[in-house]
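Examining the three-dimensional arrangement
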Amino acid sequence: MTAQQFTVILFHTSNHAFRAEKVLKNSGISCKLVPVPRHLSSECGVCLRIEQSMQEAAVPILKTSHVEINEIHRA
């Protein structure tokens, strides 16, 4: 069995993270708000975790919805 691969999306503010979660869930993309790993950033306390396979679908949806993305990392 292989471990599921995730992508974490970081935002400048927690408000952007909360909005991103709402936008993606309304679009049918499974996601979860999680604490930002300390080795990635200390700017905003939460980030959004999605399956890596959903990254290509999620990013354009967030951009179209005017949600500003700070960084994207594979977790």
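Residues numbered from 1 in each chain as written. Predicted model: local features only at pLDDT ≥ 70, side-chain atom pairs only at ≥ 80, totals over all residues. Heavy atoms only, no water.

Focus: the nonpolar core
Formed by 13 residues in total, the largest nonpolar core has its most connected members in Phe11, Leu24, Leu48 and Leu62. Contributing elements (two or more residues each) for this core: α1 (14-26), β3 (46-51) and α2 (55-64). The biggest single contributor to this core is α1, with four residues. Ignoring sequence-local partners within four residues, the contact set of Leu48 consists of Thr7, Val8, Ile9, Phe11, Ala20, Glu21, Leu24, Cys31, Lys32 and Leu33. (Core = buried A, V, L, I, M, F, W, Y, C linked by side-chain atoms within 4.5 Å. Buried < 20%, exposed > 50% of the residue type's maximum accessible area, 1.4 Å probe, protein only. Helix = DSSP H or I, 4+ residues; strand = E, 2+ residues; numbered from the N terminus. Contact = heavy atoms within 4.5 Å.)

A look at the side chain of Gln52
If you trace the backbone, Gln52 turns up in the loop between β3 and α2. Since its relative accessible area comes to 18%, Gln52 is described here as buried. One polar contact links the side chain of Gln52 to the main-chain carbonyl oxygen of Phe6, over a distance of 3.3 Å. When residues no more than four places from it in sequence are discounted, the contact partners of Gln52 are Gln5, Phe6, Thr7, Arg74 and Ala75. (Polar contact = N/O pair within 3.5 Å; in protein donor to acceptor, adjacent residues only side chain to side chain.)

Let's talk about the packing of α1 against α2
Where α1 meets α2, the axes come as close as 10 Å, and the angle between the chain directions of the two elements is 115°. Between α1 and α2 the crossing geometry is right-handed. Between α1 and α2, the residues in contact are Ala20, Val23 and Leu24 and Ala58, Ile61 and Leu62, respectively. Class assignment for the residues of the contact of α1 with α2 results in six nonpolar, no polar and no charged. (Axes fitted to C-alpha atoms, helices over the stretch in contact; angles between N-to-C directions. Left-handed = near helix turned anticlockwise from the far one by under 90°. Nonpolar A, V, L, I, M, F, W, Y, C, P; charged D, E, K, R; others polar.)

Any functional reading would require information beyond the geometric quantities listed.
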